[in-house]
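# Structural features, examined
Now for the letters of each chain:
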Amino acid sequence: MYDLVIFIPLIPFLGFLITGLFGTKLKNETLIGTIASAAVGISFILSCILFYSLLNQHIENPVIVPVYTWISAGSFSVNISYQVDHLSVLFSLIVTGVGFLIHVYSIGYMHNDRSFARFFAYLNLFIFMMLNLVLSSNFLLTFLGWEGVGLCSYLLIGFWYDRKFEGTRIIWTGDAGNKAFIVNRIGDFGFIIAMFIIYVTFNSLEYQTVTELASGSYATYFNTGIMTAITLLLFLGCTGKSAQIPLAVWLPDAMAGPTPVSALIHAATMVTAGVYLVARTSVLFALSPVSMTVVAIVGVLTAFFAATIGLVQNDIKKVLAYSTVSQLGFMFIALGVGAFSAGVFHVMTHAFFKGLLFLGAGAVIHGLHEEQNIKRMGNLKSYMPTTYKTFLIATLAISGIPFFSGFFSKDEILWYAFSKGHWSLWLIGVTAALFTAFYMFRLLYLVFFGKERFDHHHIHPHEAPKTMTVPLQILAVLSAIGGFLGIPYALGFWFSSHPNMLENWLEPVFKNAQFIIYKTSTHIEIGHKIHIEEYILMLISVGVALLGIKLATDFYKKDELWTVPRKLATNNKRTFSLLYNKYKLDEFYFAAVVDPLMLAAKSFFWQVFDIKIIDGIVNGLGALTKDIGNYVRKIQTGIAQNYALLMMAGIIVIIAVIIFSS
Amino acid sequence: MEYILASPLISILFFSVFIPVVDGITKNRTTVFVLTLLGLIITGILAIYTLLIPVETIQALDSSKTITKNMIMFGGFSAYFDILFCLAGILVILASRNYLNREYGEYKEYYSLIVASICGMILIAHSNNLLVLFIGIETMSIPFYILAGFFRTNQKSIEASIKYFLLGAFSTGFLVYGIAMVYGATGSLDISIISSKIQTGQAIEIYLKIGLALLIIGLCFKVAIFPFHQWAPDVYDGSPTVVSAFMSTAGKAAALVGFIIIAKGFLPKNSFNEVSSLLNTNFKLILAILSAITMIIGNITALVQKNVKRMLAYSSVAHAGYLLMGIASNNQDGWSGIIFYSTAYLFMQIGAFIVVSVLERQTENFVTYEEYSGIHKSHPFLAAVMSMFMLSLAGIPPFAGFFGKYYLFVAAVKADLLWLTVIAVIASIISMYFYIGLILQMYFKEPLSKEPESDTGLAKITLVISAAGILFFGIFPQIIVNFTENLFK
Amino acid sequence: MLEAYLPLIFMLIFGFGIAVIFLVLSEWLGARRITKEKQTTYESGMQPFRTARDRFSVKFYLVAMSFIVFDIEVVFLYPWAVQFKMLSPEAIIAMFIFIAILFAGYFYELRKGGIEWQ
């Protein structure tokens, strides 16, 4: 039964081969789109089958499905094998489910694009790589997927390689792709080093083995330097892939890609790979309180700062990009305080509503003929009713309005942060939530309400085609009700003692980590009790969300001239430009890292070291070898007698050596 | 049972007699072509069947009671090499038709000669007696001499043939002399008896040593090891390209089986006897030094060639050096490394030579590096497969050539020949230059004004099989390795 | 142990050395008076009347091949026939296979026109 897992990545790969190799020959958009979507759809169905069999059958340990051993050298072996457990199946459901919807959406969105087939080939390849990442049973295959999704991300950011894109030292979309790729490499470096240390420490790269070894003797490993090193290096990888401080800079520029790509890769799936990795190695993180603290602090700082940047952006996709960064920060807060399932829960709900927001944004951009500036939109509600309604649901969800999905997941994170004694995390988190509600409704009002600020003569907004709106509607339903999978105990105690279904589902995955945290922490575990604080906090965060909405309504809906925000911007010019320019982080990196490196590379490493020393040696050796060759070839006279002579000489020498050497 | 085990031998013998008869009867070339192909396929299938017979069954056979009187051995790596030889024959014959018709004329004798030489090779692989080994080598070599001069109005071809014949006869003399010496030392030609006599010390040491040295020299000539390698570049360059492809792969592999048989029997491991341990270390060292010189000379001379066919000829000398590493290591890993590498080498070398044969015209045109400039535009398929063969020859993963080298290097390291491995790695690095250089020529240079025409025909099948082979064994090297591990127990 | 082979090695060295010495000496000491007669091919005293690098007709080789076919057959058949009674039945089969192979060769030669002189 579990062997089916092999086909989950395989089918999108076949899809990639078909669309990639024969796509240009098929010439039929519907056919290409159907093949690509169907491949992902079948994977989704297979994931569902696995999901049900896991649901009905209680398994203690993950099921490892080996595919083949690529090479074994001594004790080191590279296995291609997949791991079926609650976490990997959940992620594969998210990846294939949301992926399928976005594939379908793309059929409409990419209509008439000259590289239609290439787009779908990349998308399928991405799904394949992402599934390898989440389904792998060892670090190495995960790393392969990790690099693979990075590659697809790069390819898709620069998909419209002949279009310009605006950014710090970015001219073409390809530059944005480069930036994403290079920034990610820094994180990958951490990942690779972490793998080396893991192999040296545990003599294995299999998750199962490493987890067992680490949790089996947690007392010896607890709070050791080696664990902190491993986890911090792994986390460095996560900050790259999941766009956290200090490597967050690439994600906003990744919006150069087509919007479905932003929805799939840069919101719903790839960027959550970091969360997945931390969750997958939760045992290791649990063994290092230092790293946990670092994760939480990085998460909360990212959540806060990204939210503040989001307040002032005018590009619809940039707002959403910063929102993504901020929400990813929330997920890391959860992981950092040890609430792993809460983090994963937020991954899921975020995939729904952020995917939906991006797709909605795509529909808007599509309807307005590639207009992305929200200041040049307005009143689209009447032109695009479906998009509006779905967008509204997603906005409510992300703002944390009760009983929409985001409410449950975000609230759970904030509650855990507070209950584990980190009230400062909670405070900053709530502030970020306030900003989130504000900028999301600002976006909503500027796009769908108010005056029509676009050029009427050239732009005639229209509703998106069916292939685009149906995925929107499905995602809207999921955004609205998806949260009920994780009802907190405080709200659901009246019908079940374990109302949080997702937590129950993920319990086997995180039990080791939770056990370690429980054993090693001085803080007393709260357990399932009703706390009056929890209701108060819940009320506060709802109140904060409503406050944000209220502010946005006052600033942008009721007042068509936006007097208050304008005044704020002019009165606090420096703050505004700091926020608008993303705290000048890009400029700082260029000045502090890139430019000195380039200077050193150009003036010393290239001109002196490379050309003079390395090339000198290499060319010298090459010339020497060639000279020897020209000399040696003269032995080859072409005269048989000479050959026989050399043979005879060889025979005499060999016989002589044999006789005399005894 | 023994007839089943001997069936590849019987089959190839039958066809090598039958095909000339058919050649005498019919004027239809296609008949002979198809019959040859059929014969090789049947022999190959029989060999596969015997390969699958479990070792216990073969060991249970009392070989002294059989009609072959312990002169022939069965199963194991012999059967594996049978398959390899038949495969090489099939690949080359498929590619030969168009080439021969275009360059000289398709004579039916060609097929008879190929089958006869394969008959010799199979005899070598099965020999358990020095006399059988010798007959096998001669049966293989004499058709080679003729095949080398197959274009009998072409001067280069005749030159190659005569050179090959003269030097071959010269080396055969030493081989026979060596056999005589060994017989004198031990009083037997049966390899298993000789082996046991060496181990128990019942041999006259000096005769044995000299005899063994001469035997090894004779085989070194066939494998083209320095200083007995000089015929190889001239012969491979002058012969019809398809023949070069065959000689440099199957011929070399056959001589290597001979080597393995000799090494297994005469250089036994784990012996407590002084004589044999002495033999072991000394010969190991000599072979290692020869191997090192061969690969360096081969690669360095290949480096300065401007003619692709000649480059391949020299590089085949270098590859003989790599292969000899396996013999020099004188352990199981070395022998199974040879088996893997011969398989990989068969595919990539045949493939490369066939690409040359498809492009060349009247043996001199379209063989230089310059003439290969930018052919990826006019011949994308040929350029792609040629690049694969070059990468594999250079030993770049994921192609089979990489793992072949890898296993040989590992074997050498295990045999305490680290210095040899280092030299081999350096030699491989040198070889990158001309292999990758050809790819650069094909892909990154502007095409010449006159573009070569390609005339692939059935050669396309050869190329596809070869390319698929190096890819397959590069991705799943474990298949052969697991299999060969059991062969030398 | 080595001493026993010392004579052998000396013989090798002397043999090789003497050959070299004689070659060098004759090159060094020999007088060089080139005459027309000396430059001509030595044909056991006969006057060479045309070039020695002559081609034989391939038919001579064919005759030689036919000879080998029958010659070898006889060489093996004769002792076989003499010892026939002492041999096992396998020997008959073996001899028939041998004759069949030789016959195949003969047949091939016949069909290729090896016997036709013209």
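Chains are numbered independently. Their residues run from 1 in the order of the written sequence. All chains are assigned letters beginning with A, and all ligands numbers beginning with 1, in the order in which they are written. A pLDDT threshold of at least 70 governs which residues receive local features in this predicted model, and a stricter bar of 80 or more applies before side-chain atom pairs are shown or counted, although totals over entire chains, interfaces and linings include all residues.

### Side note on the interface of chain A and chain B
Worth spelling out the cut-off: Residues are treated as contacting if the C-beta atoms built from their backbones sit within 7 Å of each other. Numbering of helices and strands starts at the N terminus; helices are DSSP runs of H or I of at least 4 residues and strands are runs of E of at least 2. Under the scheme applied here, ten amino acids are nonpolar (Ala, Val, Leu, Ile, Met, Phe, Trp, Tyr, Cys and Pro), four are charged (Asp, Glu, Lys and Arg), and all others, including Gly, are polar.
With 24 residues of chain A in contact, the opposing surface of chain B contributes 25 residues. Elements represented by at least two residues in the side of chain A that touches chain B include exactly helix 26 (585-632) and helix 27 (640-660) of chain A. Sort the elements by how many residues they give to the side of chain A that touches chain B and helix 27 of chain A lands first, with twelve residues. Its residues assigned to classes, the side of chain A that touches chain B shows 13 nonpolar, nine polar and two charged.

### Concerning the confidence of the model for chain B
For clarity, the threshold we go by: Residue-level confidence of the predictor, termed pLDDT, takes values from 0 up to 100.
Chain-level pLDDT for chain B is 85 on average; 94% of the residues reach the 70-or-more range. Across residues 270-276 of chain B the pLDDT falls below 50, and counting only partners more than four positions away or on other chains, this stretch makes 13 contacts in the model.

### Points about the confidence of the model for chain C
Mean pLDDT over chain C: 80, with 93% of residues reaching 70 or higher. Prediction confidence for the complex, expressed as pTM and ipTM, is 0.64 and 0.84 respectively.

### Quick notes on the nonpolar core
What counts here: We define a nonpolar core as a collection of buried residues of the types Ala, Val, Leu, Ile, Met, Phe, Trp, Tyr and Cys that are connected via C-beta atoms lying within 7 Å of each other. Partly exposed residues are those whose C-beta has more than 12 but fewer than 20 other C-beta atoms within 10 Å; with 20 or more the residue is buried, with 12 or fewer it is exposed, and the C-beta atoms are placed from the backbone.
Counting 213 residues, the largest nonpolar core has A:F126, A:M130, A:I333, A:A334 and A:V447 as the members making the most contacts within it. Ranked by residue count, the leading element in this core is helix 19 (residues 423-448) of chain A, at 19 residues. Ranked by size, the runner-up nonpolar core spans 196 residues in total, among them B:F74, B:A116, B:A313 and B:Y314.

### Digging into the packing of helix 8 (residues 155-186) of chain B against helix 11 (residues 231-238) of chain B
All names here are of chain B. For the record, the criterion: Lines fitted to C-alpha atoms define the axes, with helix axes restricted to the stretch in contact, and inter-axis angles between N-to-C directions lie between 0 and 180 degrees. With the far helix as reference, a near helix turned anticlockwise by less than a right angle produces a left-handed crossing, and one turned clockwise produces a right-handed crossing.
Packing of helix 8 against helix 11 leaves a shortest axis separation of 8 Å and a crossing angle of 145 degrees. In this structure, helix 8 crosses over helix 11, and the sense of that crossing is left-handed. On helix 11, the residues that touch K156, S157, E159, A160, K163, Y164 and L167 of helix 8 are W231, D234, V235 and G238. Here the contact of helix 8 with helix 11 is built from residues that sort into five nonpolar, two polar and four charged.

### Points about the packing of helix 7 (residues 130-148) of chain B against helix 12 (residues 241-266) of chain B
Residue and element names in this part refer to chain B. The condition that has to hold: Our angle categories are set so that under 35 degrees counts as roughly parallel, over 145 as roughly antiparallel, 65 to 115 as roughly perpendicular, and the remainder as oblique.
At a minimum axis separation of 11 Å, helix 7 and helix 12 run at an interaxial angle of 165 degrees. Taken together, the axes of helix 7 and helix 12 lie roughly antiparallel to each other. Here helix 7 runs over helix 12; the crossing is left-handed. Of the residues in helix 12, those touching helix 7 at L133, I137, M140, F144, L147 and A148 are V243, M247, G251, A254, G258 and I261. In terms of residue class, the contact of helix 7 with helix 12 is made up of ten nonpolar, two polar and no charged.

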